[in-house]
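A closer look at the structure
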Amino acid sequence: MSEGMDSPLPFRGGAGGGAGYETVPLPTAPTPTPPLKGRGYRDDFPGLLNADGTPWHYLDSAATAQKPRAVIEAVARAIGPDYATVHRGVYSRSAEMTLGYEAARRRVAAFIGGREDELVFTRGATEAINLVAYSYPQKGRVLLSELEHHSNVVPWQLAGWQVDVCPLTPDGRIDLDAAERMLTKDHVMVAFAHVSNVLGSLLDVRRAADLAHAVGAKLLVDGCQAVPRLPVDVAALHCDFYAFSGHKLYGPTGIGALWARRELLDAMPPWQGGGAMIERVTFEKTTFAPPPQRFEAGTPAIVEAIGLGVACDYVAGIGLEAIHAHEATLVARLREALRGMNDVTVFGPEESAGIVSFAIDGIHPHDLGTILDEESVAIRAGHHCAQPLMERLGVSATARASFGLYSDEDDVAALLRGIERARRIFG
Ligand code: PMP
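Residues numbered from 1 in each chain as written. Predicted model: local features only at pLDDT ≥ 70, side-chain atom pairs only at ≥ 80, totals over all residues. Heavy atoms only, no water.

Comments concerning the domain arrangement of the protein
The cut-off we apply is this: As used throughout, domain bounds are those supplied by an automatic or database domain assignment. Summed over both partners, the accessible area (1.4 Å probe) lost when two parts come together is defined as the buried area. The working definition used for a salt bridge is a side-chain nitrogen of Lys or Arg within 4 Å of a carboxyl oxygen of Asp or Glu. Identification of polar contacts relies on pairs of N or O atoms within 3.5 Å, with a donor-acceptor requirement for protein atoms, meaning one able to donate a hydrogen and the other able to accept it, and with residues adjacent in sequence counted only if both atoms are side-chain atoms. Nonpolar residues are Ala, Val, Leu, Ile, Met, Phe, Trp, Tyr, Cys and Pro. Charged residues are Asp, Glu, Lys and Arg, and all others, Gly as well, are polar.
The domain boundaries assigned to the protein delineate domain 1 (92-317) and domain 2 (320-425). Taken over C-alpha atoms, the centre of domain 1 sits 28 Å from the centre of domain 2. In this assembly, domain 1 packs against domain 2 so that about 2,400 Å² is buried in total across both faces, 63% of it on carbon and sulfur atoms. For the domain 1 face of the interface with domain 2, the top three residues by lost area are Val 198, Leu 199 and Arg 229, together amounting to 30%. Notably, a salt bridge pairs Glu 146 with Arg 392, separated by 3.2 Å at the nearest N-O pair. For the pair domain 1 and domain 2, the interface holds 13 residue pairs in polar contact (both at pLDDT 80 or more). Of the residues assigned to the side of domain 1 that touches domain 2, the class counts are 15 nonpolar, nine polar and five charged.

Overview of the packing of helix H1 (residues 69-79) against helix H9 (residues 302-318)
Quick reminder of the rule: Only the stretch in contact is used when fitting a helix axis, every axis being a line fitted to C-alpha atoms; angles between N-to-C directions are given from 0 to 180 degrees. What counts as a helix is a DSSP run of H or I of at least four residues, what counts as a strand is a run of E of at least two, and both are numbered from the N terminus. Angular relationships are summarised with four words: roughly parallel below 35 degrees, roughly antiparallel beyond 145, roughly perpendicular across 65 to 115, and oblique for the angles in between. By convention, the crossing between two helices is left-handed when the near helix turns anticlockwise from the far helix through less than a right angle, and right-handed when the turn is clockwise. Every residue pair with non-hydrogen atoms within 4.5 Å of one another is taken to be in contact.
H9 packs onto H1 with a crossing angle of 150° between their chain directions and a minimal axis gap of 9 Å. One element, H1, and the other, H9, form an angle in the roughly antiparallel class. When you trace H1 past H9, the crossing you get is right-handed. Residues Ala 70, Val 71, Ala 74, Val 75, Ala 78 and Ile 79 of H1 form the contact with H9, whose own contacting residues are Val 303, Ile 306, Gly 307, Val 310 and Ala 311. Among the residues making up the contact of H1 with H9, the classes are represented as ten nonpolar, one polar and no charged.

Comments concerning a nonpolar patch on the surface
Just so we agree on the cut-off: A patch is a set of surface residues, each over 30% in relative accessible area and not in a salt bridge, joined within 9 Å for like charges and within 5 Å for the nonpolar side chains Val, Leu, Ile, Met, Phe, Trp and Tyr. Computed with the Shrake-Rupley method and a 1.4 Å probe, the accessible areas treat only the protein chains shown as cover for residues. Classification of residues uses two cut-offs on accessible area relative to the type maximum, computed with a 1.4 Å probe and protein chains only: under 20% is buried, over 50% is exposed, and between them is partly exposed.
A cluster of nonpolar side chains, contributed by Tyr 134, Val 154 and Leu 158, occupies part of the molecular surface with about 270 Å² of accessible area. Tracing the backbone through its elements, the reader meets Val 154 in helix H4 (residues 154-158). Given a relative accessible area of 35%, Val 154 falls into the partly exposed group.

Here we look at the confidence of the model for the protein
As a reminder of what qualifies: The predictor's confidence in any single residue is recorded as pLDDT, a number from 0 to 100.
The pLDDT averaged across the protein works out to 91; a share of 91% of its residues lies at or above 70. Overall, residues 1-8 carries pLDDT values under 50, and its contacts beyond four positions in sequence, including any with other chains, amount to 22 contacts. Here residues 23-39 scores under 50 on pLDDT; set against residues more than four positions off or in separate chains, the count is 27 contacts.

Quick word on the sheet that holds strand E11 (residues 344-347)
For clarity, the threshold we go by: Two strands make a pair as long as DSSP finds a minimum of two bridges between them.
In spatial order, the strands read E11-E12-E15-E14; together these four strands make up an open sheet with antiparallel pairing. Strands with a single pairing partner mark the edges of an open sheet, and in this sheet they are E11 and strand E14 (380-382). Between one strand and the next, the sheet's axes are offset by a mean angle of 30°, whatever the strand orientation. Sheet topology places E11 next to strand E12 (residues 355-360); four bridges connect them, and they run antiparallel. Bridging across to E12, Thr 345 finds its partner in Ala 359. The strands touched by helix H10 (residues 320-339) within the sheet are E11, E12 and strand E15 (398-402), with E12 carrying the most contacts at an inclination of about 15°.

Overview of the pattern of salt bridges
Tallied over the full model, the rule gives 24 salt bridges. Residues Asp 60 and Arg 400 are paired through a salt bridge, measuring 3.2 Å at the closest nitrogen-oxygen approach. A residue pair is termed long-range when its members are at least 10 positions apart, and Asp 60 in the loop between strand E1 (57-58) and H1 and Arg 400 in strand E15 qualify at 340 residues. With relative accessibility at 12%, the residue Asp 60 sits in the buried group. Here Asp 164 and Arg 141 are joined by a salt bridge, their closest N and O atoms 2.8 Å apart. On the criterion of sequence distance, the pair formed by Asp 164 in strand E4 (residues 162-166) and Arg 141 in strand E3 (residues 141-145) is long-range, its members being 23 residues apart. The exposure class assigned to Asp 164 is buried, which follows from its relative accessible area of 14%. Counted as one network, the salt bridges with shared partners bring together Arg 115, Asp 117, Glu 118, Arg 262 and Asp 266.

Details of the nonpolar core
Put simply, the test is: The set of buried Ala, Val, Leu, Ile, Met, Phe, Trp, Tyr and Cys residues whose side-chain atoms join them within 4.5 Å is what this entry labels a nonpolar core.
The biggest cluster of nonpolar side chains holds 82 residues, and the ones touching the most others in it are Phe 192 and Tyr 242. For this core, the leading source of residues is H9, giving eleven residues. In this structure, this core is formed jointly by two domains, domain 1 (92-317) and domain 2 (320-425), each of which donates at least three residues. Excluding anything up to four places from it in sequence, Tyr 242 contacts His 194, Val 221, Gly 223, Ala 226, Val 227, Val 232, Val 234, Leu 237, Ala 257, Leu 258 and Trp 259.

Quick look at the site of the ligand
The line we're drawing: Here a residue counts as near a molecule or strand whenever at least one of its heavy atoms sits within 4 Å of it.
The local shell around the ligand consists of Ala 125, Thr 126, His 149, Ser 151, Asn 197, Asp 222, Cys 224, Gln 225, Ser 245, His 247 and Lys 248. Interatomic distance of 3.5 Å between a backbone N/O atom of Ala 125 and an oxygen atom of the ligand. A distance of 2.5 Å is found between a nitrogen atom of the ligand and a side-chain nitrogen or oxygen belonging to Asp 222. Considered on its own, the ligand offers 400 Å² of accessible surface; in the complex 84% of this is hidden by protein. Looking at the shell around the ligand, its residues break down into two nonpolar, seven polar and two charged.

A closer look at helix H2 (residues 92-111)
Test applied: In a helix, the anticipated span is given by 1.5 Å times the number of residues less one.
When the terminal C-alpha atoms of H2 are compared, their 28 Å separation across 20 residues agrees well with the 28 Å that a helix rising 1.5 Å per residue should span. With its phi angle positive at about 70°, Gly 113 sits one or two positions after the end of H2.

Observations concerning the sheet that holds strand E7 (residues 241-245)
Spatial strand order, E2-E8-E7-E6-E5-E3-E4: seven strands in an open sheet with mixed pairing. Since the sheet does not close on itself, it has two edges, and those belong to strand E2 (119-122) and E4, each with one partner. Ignoring strand direction, the axes of neighbouring strands in this sheet form an average angle of 20°. Bridge count between E2 and strand E8 (residues 256-260): four bridges; the pairing is antiparallel. By the bridge assignment for E8, Leu 119 is matched with Trp 259.

Examining the packing of aromatic side chains
For clarity, the cut-off: Two rings belonging to Phe, Tyr or Trp (six-membered ring only in the last case) form a pair when the distance between their centres is within 6.5 Å. Interplanar angles under 30 degrees mark stacking, angles over 60 mark edge-to-face geometry, and anything in between is tilted.
All chains considered together, the criterion is met by eleven aromatic pairs. Measuring from centroid to centroid gives 4.9 Å for Trp 56 and Tyr 58, while their planes differ by 40°, and the two rings are tilted. Measuring from centroid to centroid gives 5.0 Å for Trp 156 and Trp 161, while their planes differ by 85°, and the two rings are edge-to-face. Take Trp 156 and Trp 161: they sit in the same class, and that class is buried. Connected via pairs of aromatic rings, a cluster forms that spans Phe 45, Tyr 250, Tyr 314 and Tyr 406.

Structure below.
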């Protein structure tokens, strides 16, 4: 963070984690230590440096977030001196690891205001949505929106659902008035992104839940881009399913979660079979463990789950309100600067969560990305796994800058310098 910038991030967060998996406090209280002057949170993230020690301006956190030292160290410990399998071992190391894995479940569930017996660990949001698409006992019509990520489109198609598409408002939000008009008693499910990975637009989840419930449908929320950026409380949101990935939440890859109301999980059959999800197996008949284990076939991602638990503590220690306000400041500055360039189109609503998509006349986003890379600035260029949205916007690709809690004014300035250079080169 630049010297003198009035940051809404009030303090450095507690690192979370630590020895003794069974003594994990819930939720983690913020640690009121003042910010490192002029550096914000960057020093917690070794990934934000180039090999020569100069800053890397990483503006692709919507794709995946860099990891704080607390997570890196927790992962190293869990895969090193603490490592053993879970749930099966009779020896003490395994029992300790099981405590760590289940404590991670408690921590992740608490992070989104849910109960641990309602939280299924998955490989990520993609697997969480597939789980519901395949396992929900009643298949029928699902209402999606024009801005959904492919992982909230393709699973429904593959699992045999009939897909309806809710349009967007002119500024790029899911049009809930249109959803209200479209929803019928035939709809079984509504599945919307909480925050668009392209436009940063925010969903009024509470209203979407009310609309779904009014016709007897359930609401699944793709929370991938929301959990690192906004306070999320599944109980207050009234949704039925909430899916997200750990690696966008400053945790490891290969881990994510599906939260669902317990009675819905109870009614859902398993979708993958194997060890750990059974009660009793014979060749004639198998009975299954209760949720969440019913949906966690095989040896789970033990190390990754523990890392995600620590990531949740780290983020909670800083505070989601503060992170949201901080990213909103950076979004506002970037949007304002881009608006001043007459050859630039900025997509999406003014009020967006940490993500800005734009296009520059005469410069393909991939070319822009390459030039920015020479300036140590990393953005995303492409369709962002949202081809239907690209069609709606009338483009084949956009450039996307996305912020994290460690992003700062210097990152915005470096991006703007790089854009100026690209305009000169192509100008
Ligand atoms: N939904 C949204 C909104 C996303 O941004 C992403 C990741 N880009 C996904 C779903 C899929 O997440 P993952 O690839 O981690 O399963």
